Amino acid sequence: MGSLDIFVENINRLAAYHHLDTYADIAQFLNVTEDSIKRWQGKTRCPSLKKIDQMGDRIGCHSYALIQKNGKIFAEIEFLQNNSREILLRNLQEYFMQAGRFSWNDKAALFYGFVSEDVLKSYFREENFKTPPLSKLDEMAEALGKPTYELIKEGESDEKTDT
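Definitions and cut-offs
- Residues numbered from 1 in each chain as written.
- Predicted model: local features only at pLDDT ≥ 70, side-chain atom pairs only at ≥ 80, totals over all residues.
- Heavy atoms only, no water.
- Core = buried A, V, L, I, M, F, W, Y, C linked by side-chain atoms within 4.5 Å.
- Buried < 20%, exposed > 50% of the residue type's maximum accessible area, 1.4 Å probe, protein only.
- Helix = DSSP H or I, 4+ residues; strand = E, 2+ residues; numbered from the N terminus.
- Contact = heavy atoms within 4.5 Å.
- Salt bridge = Lys/Arg side-chain N within 4 Å of Asp/Glu carboxyl O.
- Polar contact = N/O pair within 3.5 Å; in protein donor to acceptor, adjacent residues only side chain to side chain.
- Phe/Tyr/Trp six-rings, centres within 6.5 Å; stacked < 30°, edge-to-face > 60°.

Trainee: Explain the nonpolar core to me, please; I cannot follow it from the model alone.
Mentor: Nonpolar side chains in soluble globular proteins tend to be buried together. Judged by nonpolar contacts, the single largest core of 44 residues is most densely connected at F7, L30, L66, L92 and F111. Secondary structure elements with two or more residues in this core: α1 (3–17), α2 (23–30), α3 (34–41), α4 (49–59), α5 (63–66), α6 (84–98), α8 (117–124) and α9 (134–144). Non-local contacts of L66, meaning those with residues more than four positions away in its chain, are made with I6, F7, N10, L14, I52, M55, G56, I59, C61 and I73.

Laid out in structure tokens, this is it:
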């Protein structure tokens, strides 16, 4: 099951939990357009990582939970500020180190042609960067042998709080 399917399933879980009966109700709850909800439900479009971050912030859950099967979307974490792009880049760097891939060519080779060297570089640029769509994240995760949500999930040590 792709991450868009899981995302839609989780949006439906949210809608049922909060008794949101129409596209308009769901859209208002998530602070997105009704057209976006219809396109996601119809699987003709994917939300961007930035949009997933905004929705996660709004409902108080980690972004990765929205694309994780039965994700913890009801966490209600206060003052959450998701940044999936930053986490993705950190996680990719970690995967590259573990695999001993140091050149851009070697890094891109991990993705079996799904991601070109130039596109991979564009994800890491400081300005005018690109962010992969969910469909590309699915391909990247499959090439790495990981579930898609793990690409944008912080490591366990990053999630712990000092008490």
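Trainee: What is the right way to read the pattern of salt bridges from this model?
Mentor: Oppositely charged side chains are able to pair whenever their charged atoms sit close together. Inspection of the entire model under this criterion finds seven salt bridges. Ionic pairing is found between E34 and K38, a salt bridge with its closest N-O pair at 3.6 Å. Placement of the pair is E34 and K38 together in helix α3, with a separation of four residues, close to one helical turn. We classify E34 as partly exposed; its relative accessible area is 35%. We classify K38 as partly exposed; its relative accessible area is 37%.

Trainee: It is not clear to me how the environment of E9 should be interpreted in this structure. Could you clarify?
Mentor: Locating E9 in the fold gives a position in helix α1. Along the primary structure E9 and I73 are separated by 64 residues, whereas in three dimensions their C-alpha atoms are 11 Å apart. Excluding its chain neighbours within four sequence positions, the residues that come into contact with E9 are M1 and K69.

Trainee: Even after reading the chapter, I still don't get unusual backbone geometry, so can you show me in this structure?
Mentor: Leaving glycine aside, a negative phi is the common case for residues, and trans is the common case for peptide bonds. The phi dihedral of N70 falls on the positive side, at around 55°, and the residue is not glycine. Mapped onto the elements of the fold, N70 is located in the loop between α5 and α6. Look at N70 and you get exposed, because its relative accessible area is 54%. Located in the positive-phi region is F79, a residue other than glycine, with phi close to 55°. Its relative accessible area of 80% is what places F79 among the exposed residues.

Trainee: Would you take a moment to explain the environment of S122 for this structure?
Mentor: Along the chain, S122 turns up in helix α8. The class for S122 is buried, based on a relative accessible area of 3%. Placed ten residues apart in sequence, S122 and P132 show a C-alpha to C-alpha distance of 9.6 Å. In contact with S122, not counting residues within four places along its chain, are F129 and K130.

Trainee: How should I be thinking about the environment of T33 in this particular structure?
Mentor: Of note, T33 is situated in the loop between α2 and α3. Spatially, the C-alpha atoms of T33 and G155 are 32 Å apart, while their sequence positions differ by 122 residues. Here S36 takes part through its side chain, which lies 2.8 Å from a polar atom of the side chain of T33.

Trainee: It is not clear to me how the packing of aromatic side chains should be interpreted in this structure. Could you clarify?
Mentor: The description of two aromatic rings rests on the distance between their centres and on the angle between their planes. By the definition in use, this model includes six aromatic pairs. A centroid spacing of 5.3 Å and a plane angle of 80° characterise the contact between F7 and W40, whose relative ring orientation is edge-to-face. Of the two residues, F7 is situated in helix α1 and W40 in helix α3; the sequence distance between them amounts to 33 residues. What makes F7 buried here is its relative accessible area of 0%. Residue class for W40 comes out buried when judged on its relative accessible area of 6%. Between F96 and F111 the ring centres are 6.4 Å apart and the planes differ by 75°, which places this aromatic pair in the edge-to-face class.

Trainee: I tried to follow the side chain of N10 on my own but got confused; where do I start?
Mentor: In this structure, N10 sits in helix α1. A distance of 3.1 Å separates a polar atom in the side chain of N10 from the backbone oxygen of L66. Ignoring any residue separated from it by four or fewer positions in sequence, one finds N10 in contact with A65, L66, I67, Q68, N70, G71 and I73.

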